[in-house]
Amino acid sequence: MGRVMWQLSVRSVRHHAPLFLGTFVSLVLGVALIAVSSAALAATFAVRQPSSEGRPSITIEDGRGTAHTLVSGGLDLGGIQTVLVMAGIVTAFVTVFVIAGTCAFSVALRRQDMGLLRLVGAGARQVRRMVIGESLAVAVPAVAVGCLLAAVATPWAVDGLNSTGLSPAELRAGPMAGPLLIAAASGLVMAVLGAMAASRRASRVRATEALREAVLDTRAMTGGRWVTGLLLLAAGAVMVGLAPQAGLEGSIPLALFGSMALTLAASSLGPAYLPALTRLLAAPFRRSSSVPARLAVESLGTSRLRTASLVGPVLAIVAVVGVFTSVLSTTGATIKSDDRGRTLGQLVVEGASGGPLAEDVLAALRADPRVSAVSAPAGLELAVADRTSVRQDRGAVADLPALARTHRVDVVEGAVTQLRPGQVAVSREYAGWYGYHVGTRLTYGLFGGSPATAEVAAVLDGGTAVPHVVLPAGTPGAPEPGRATVLLDTASAGAARAVARELTSRLGADRVRVTETGQWFARSSSDQERLNMLVLVVLAGPASAYALISVASTLVMSYSRRTREFADMRLVGVSEKQLRNMALWETGCTTTVAAVVAAVVVASGLQAYRAALRVTYDVVPLSVPWGALSGLVLACVAVSATVGLMATRRLLGKAGITMATTRQ
């Protein structure tokens, strides 16, 4: 009987091809994107680290006496790897989301067919096998096409990734066997997962459904859908609720995954509330004289499952892209605002060619009568040992009293005094991560030097101005600083621009670049915004394009079963122009509803994340990429409107509608 059901599944796919278009397209693109992300991720792991020969190293023991040798100057690929992993997560999430929705919609559109199968003796288990078989029958060619597409696109994608500058080293596409195998397996698993819920729904169809005329919204909210939606709602609410108390590191995954759970819940429970929400938002149009507007509102309000299926893809991509990019943007804006608020100095001095500042330049700045303080921390790499391991970390050699004058530094433990040899200061975050307090012993070593043990003299909160570990000024082996912050006296503070020009002229424009603090932050902000935009493109660009195509395929599925509906409306006198306008109104309504629900989800996750940031930062500006999200919503409107008009034109040209109109 299994072979018979498989044959029936294949024939069903062939006969109802438009209903499986959404699943096919979703799987093709999902497999291709996962394969490309996996190949790019594999390329980062294949990057050869620079040879350790000739690079400074250090051997240091952890708390158990085990020796570890670290070499400086390695390539840090963690950032690009994190972006690629996040891109894969977003792609997999949207893929399963869309497939589950299209499978459920396909089953709902074929309840009469399922009823006929039950009428001729098919059991519930056999119907479930058939639905899963249909998904696999679609998945096998979709996986093949997706893998072929990925094999062609991967070299271009890797070259494009290199051009962004996100990777510190050039990436090269390697063998595709592994990424394609991962993508193919993921595609088959996603297809089965997406079809399982729909198969359970199909197995509960009774034989009497074969006699029903209106089949789409019969029990749109099943028991399983209620349970799944409410569990996801509870899980998302708990994660979002815990985010403010989870600390800066723990709040990010809680806010992101909590928002994703809320998105799934909003989709699962869609048939229960979306029609009412649509009627509420479209209430002004129900009393208007526009026939297409009233028809669209009534159609969306009564066709609950179809409305949920059309809202789902737009909701998913806008919510997921919105929360990921908003968290990223808010983090950057908060750090920038904190840095700017803590910087008291009016001038920033840098090497003209991006190189270090010479000692005579710093001496000249300190000797200037208009200058009250100059802080020039020299950043460096160091190895730090803890109880069980040794890690490479970032530190700086700094004059703490000068740093505390040019920046607002809050003392958590100890005091801001000149560090003596054998003393260090640590940041508040670092102390919290590893349990350091005043009086704690910390073992560290500079690369090319010898290990040393120092006493923690202070725990400080100064934002990015205070690195993880601060070493005393004059530490042997420290590099020259790359930047200095200058605090002017009261009389000169109001003429910072003139002082900057005079210092540049006196010290030499070929040696230094003196910038007002506000201008320096504006320039660095532009660079950071460019980087954030590149991350946004890599993270959300492919998934957004994928979601737009899924929106189009879902609309094709929807219109494939509306021939009778359109014929009836033509019989009662609705013109072709009014039907086309109705399609446009439906597009506007569903996209608006999806954007509203997505905004609620994004706001919930982002507010929880902002609450977590407020524990560490005084000012947390809200930063949402309105332009990118508005463009995404408008793209959804454009795609939906185009497909809706094309599908309406196709339906109006069908013989059934033409004949029905003729009989009128």
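In what follows, the accompanying structure is described. (Residues numbered from 1 in each chain as written. Predicted model: local features only at pLDDT ≥ 70, side-chain atom pairs only at ≥ 80, totals over all residues. Heavy atoms only, no water.)

Turning to the overall build of the protein chain, a few remarks are in order. Scanning the protein chain from N- to C-terminus turns up 22 helices and 13 strands. A burial count over the protein chain gives 50% of its 664 residues as buried. In the protein chain, the share of contacts with a sequence separation of at least 24, taken over all contacts with a separation of at least 6, comes to 82%. (Helix = DSSP H or I, 4+ residues; strand = E, 2+ residues; numbered from the N terminus. Buried < 20%, exposed > 50% of the residue type's maximum accessible area, 1.4 Å probe, protein only. Contact = heavy atoms within 4.5 Å.)

Turning our eyes to something else, we now look at the packing of helix H9 (residues 270-281) against helix H20 (residues 576-616). Two elements in contact, H9 and H20, have axes whose closest approach is 10 Å; the angle formed by their N-to-C orientations is 105°. If you check the angle between H9 and H20, you find them roughly perpendicular. Of the residues in H20, those touching H9 at Tyr273, Leu274, Leu277, Thr278 and Leu281 are Cys589, Val593, Val596 and Val597. Taken together, the residues of the contact of H9 with H20 break down into eight nonpolar, one polar and no charged. (Axes fitted to C-alpha atoms, helices over the stretch in contact; angles between N-to-C directions. Parallel < 35°, antiparallel > 145°, perpendicular 65-115°, else oblique. Nonpolar A, V, L, I, M, F, W, Y, C, P; charged D, E, K, R; others polar.)

Burial of the side chains of strand S1 (residues 57-61) is restricted to one face: Ile58 and Ile60 are buried, whereas none of Ser57, Thr59 and Glu61 on the reverse face is. For S1 and strand S2 (residues 67-71), the ladder comprises five bridges, and the chain directions are antiparallel. Among the inter-strand pairings, Thr59 is bridged to a residue of S2, identified as Thr69. In this structure, the hairpin formed by S1 and S2 is closed by a connection of five residues, where Gly65 is found at a positive phi of approximately 90°. (Pairing = 2+ DSSP bridges.)

Once that is clear, we can look at the packing of aromatic side chains. A complete count under the given rule lists six aromatic pairs for this structure. Between the aromatic rings of Tyr430 and Tyr434, the centroid separation amounts to 5.0 Å while the plane-to-plane angle is 65°, which identifies the pairing as edge-to-face. With a gap of four residues between them, Tyr430 and Tyr434 both fall in helix H15 (residues 428-434), about one helical turn apart. With a centroid separation of 6.4 Å and 90° between ring planes, the pair formed by Trp433 and Tyr434 is classed as edge-to-face. Members of the aromatic cluster, each reached through a chain of ring pairs, are Tyr430, Trp433, Tyr434 and Tyr436. Cation over ring: Arg391 sits above Tyr434, and NZ or CZ is 3.6 Å from the ring centre. (Phe/Tyr/Trp six-rings, centres within 6.5 Å; stacked < 30°, edge-to-face > 60°. Lys NZ or Arg CZ within 6 Å of the ring centre and 35° of its normal.)

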